[in-house]
Amino acid sequence: MYKLKHIVVVLFLCSVPALAEELVVPKPGAFELDNSEVFTIHSKILGRKYDLYIKTPAGYYDDSQSDQTYPTLYLNDGPYTFKVAAGVTHLKSMNKAIVIGISFAQGELGQFSRVRDLTPVVDKSWRRYKTGGAPEYLRFIEGEVIPFVEKNYRANPVKRILAGQSLGGSFGAWVLLNKPDLFSSYILTSPSLWYKNEMIFDIEEAYSKRNKSLSANIYLATGALETKENGRMNHDMVGGHKAFVGRLRSRNYQGMSLNDEVVSGADHYSTFPIGLAKGLRWLYQDQWKMH
């Protein structure tokens, strides 16, 4: 059973200069995001409940647009990424897709939920967290989340985008190499390609031996400060980024369109909004010509 609720973003009022106080009338309550809904989905595959945060683009409900279908943008780590995506897609030129944020599992701490769901194999060195739940989590997305969205919204199944940050980014890279046709486009920021001794490179190597094509649009961004020296990182994210895109380009996969950037001045916490905005702009204006 899917439960409809309203989505809210809590707004905290900060102190303002005395002059400005005369122009500001405090209004208690919460800020409501236009054209948005929240559904609770009880996954039979996972045996857990997740919220889906869904925002439709401007004009979606206009009579003149009733026959139009829209790209879909799927986001893991929904409590964070959905709010960023709502801001990035506020302006008309970026407001092209139905945005879907997938929450952490209800009743679980976010970090415990995401580490389990976004890691493809068990890594026993992560003693505090359970790992290796990505295959079942992907089944949940493919078998329950996407069908729900495409049944209830005018979604274009040919233009599905998967976006993710950090472990969400490495999850996206893993999906790309295991089920590339599920999404047509991938926006991956600061991907944790180092997970389990950089296993993603072994997965890519195996994929390349079986396939000559990789039909997908891929935008990958990592912050220039995501190194051991500059960003106090445990891993050289920039080095991993360059090695991965270099490997993909060396294969000359048919149907692959790859755009990447090491973002100047960005660290692990600021790359996602920059990368998401640039990745969407690249898809809309260069790949799909959506003006």
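It should be emphasised that the depicted structure is a prediction, and the values quoted were computed from it without experimental measurement. (Residues numbered from 1 in each chain as written. Predicted model: local features only at pLDDT ≥ 70, side-chain atom pairs only at ≥ 80, totals over all residues. Heavy atoms only, no water.)

Caption draft 1: Structural view of the overall build of the chain. What the chain contains, in helices and strands, is eight helices and 11 strands. A principal-axis box enclosing the C-alpha atoms of the chain has dimensions of 65 × 45 × 40 Å. By the burial criterion, 51% of the 291 residues in the chain qualify as buried. Restricting to contacts in the chain with at least 6 residues of sequence separation, those with at least 24 account for 71%. For the chain, the accessible area works out to roughly 14,900 Å², and carbon and sulfur atoms hold 52% of it. In the chain, 35 positive and 29 negative side-chain charges are present, and the distance between their average locations comes to 5 Å. (Helix = DSSP H or I, 4+ residues; strand = E, 2+ residues; numbered from the N terminus. Buried < 20%, exposed > 50% of the residue type's maximum accessible area, 1.4 Å probe, protein only. Contact = heavy atoms within 4.5 Å. Areas by Shrake-Rupley, 256 points an atom, 1.4 Å probe, with all protein chains shown as cover. Lys, Arg positive; Asp, Glu negative; His and termini not counted. Charge placed at Lys NZ, Arg CZ, Asp CG, Glu CD.)

Caption draft 2: Representation of unusual backbone geometry in the model. One non-glycine residue, N35, lies in positive phi territory at about 55 degrees. Here N35 lies in the loop between strand 3 (31-32) and strand 4 (36-42). Overall, N35 belongs to the partly exposed group, its relative accessible area being 40%. Not every positive phi belongs to a glycine, and S166 is a case in point at roughly 65 degrees. Residue position: S166 is located in the loop between strand 8 (155-165) and helix 5 (167-178).

Caption draft 3: Examining helix 5 more closely. Its 12 residues place the ends of helix 5 16 Å apart at the C-alpha level, agreeing with the 16 Å of an ideal helix rising 1.5 Å per residue. Residues L167, G168, G169, S170, F171, G172, A173, W174, V175, L176 and L177 constitute the buried set of helix 5. (Expected span 1.5 Å × (residues − 1).)

Caption draft 4: Structural context of the packing of helix 3 (residues 110-118) against helix 5. With their axes 9 Å apart at the nearest point, helix 3 and helix 5 run at an angle of 20 degrees to one another. Taken together, helix 3 and helix 5 sit at an angle that is classed as roughly parallel. As helix 3 runs across helix 5, the sense of the crossing is left-handed. Contacts between helix 3 and helix 5 involve R114, V115, D117 and L118 from the first element and L167, G168 and F171 from the second. Considering only residue class, the contact of helix 3 with helix 5 consists of four nonpolar, one polar and two charged. (Axes fitted to C-alpha atoms, helices over the stretch in contact; angles between N-to-C directions. Parallel < 35°, antiparallel > 145°, perpendicular 65-115°, else oblique. Left-handed = near helix turned anticlockwise from the far one by under 90°. Nonpolar A, V, L, I, M, F, W, Y, C, P; charged D, E, K, R; others polar.)

Caption draft 5: Expanded view of the confidence of the model for the chain. Chain-level pLDDT for the chain is 91 on average; 91% of the residues reach the 70-or-more range. Predicted confidence is poor over residues 1-20, with pLDDT under 50, and the contacts of this stretch with residues over four places away or in other chains come to 33 contacts. (pLDDT = per-residue confidence, 0-100.)

Caption draft 6: Representation of helix 3 within the structure. Burial runs high along helix 3: seven of the nine residues are buried. Inspection of helix 3 places G110, S113, R114, V115, R116, D117 and L118 among the buried residues, and these make up the whole buried set.

Caption draft 7: Structural view of the packing of aromatic side chains. Across all of its chains, the model carries 21 aromatic pairs by this definition. Three or more aromatic residues joined by ring pairs make a cluster, and in this case those are Y50, Y137, F140, F171 and W174. Here the guanidinium or amino end of R154 rests over the ring plane of Y60, the centre of that ring lying 4.2 Å away. (Phe/Tyr/Trp six-rings, centres within 6.5 Å; stacked < 30°, edge-to-face > 60°. Lys NZ or Arg CZ within 6 Å of the ring centre and 35° of its normal.)

Caption draft 8: How the structure looks around the side chain of T119. Among the secondary structure elements, T119 is positioned in the loop between helix 3 and helix 4 (134-152). Taking relative accessible area as the criterion, T119 reaches 1% and is therefore assigned buried.

Caption draft 9: Main features of the packing of helix 4 against helix 5. Two elements in contact, helix 4 and helix 5, have axes whose closest approach is 12 Å; the angle formed by their N-to-C orientations is 75 degrees. Viewed along their axes, helix 4 and helix 5 adopt a mutual orientation that is roughly perpendicular. Together, A134, P135, Y137, L138 and I141 of helix 4 and F171, W174 and V175 of helix 5 make up the contact between the two elements. When the residues that make up the contact of helix 4 with helix 5 are grouped by side-chain class, the tally is eight nonpolar, no polar and no charged.

Caption draft 10: Here's a closer look at the pattern of salt bridges. Taken as a whole and judged by the stated rule, the model has 13 salt bridges. R116 is the salt-bridge partner of E108, the closest N and O atoms lying 3.0 Å from each other. The salt bridge involving K179 is made with E142; its shortest N-O contact spans 2.8 Å. Here K179, found in the loop between helix 5 and strand 9 (185-189), pairs with E142, found in helix 4; they are 37 residues apart in sequence, far enough to count as distant. On the basis of relative accessibility, which here comes to 30%, the residue E142 falls in the partly exposed class. Several salt bridges converge on common partners, so that one network encompasses R48, E108, R116 and D117. (Salt bridge = Lys/Arg side-chain N within 4 Å of Asp/Glu carboxyl O.)

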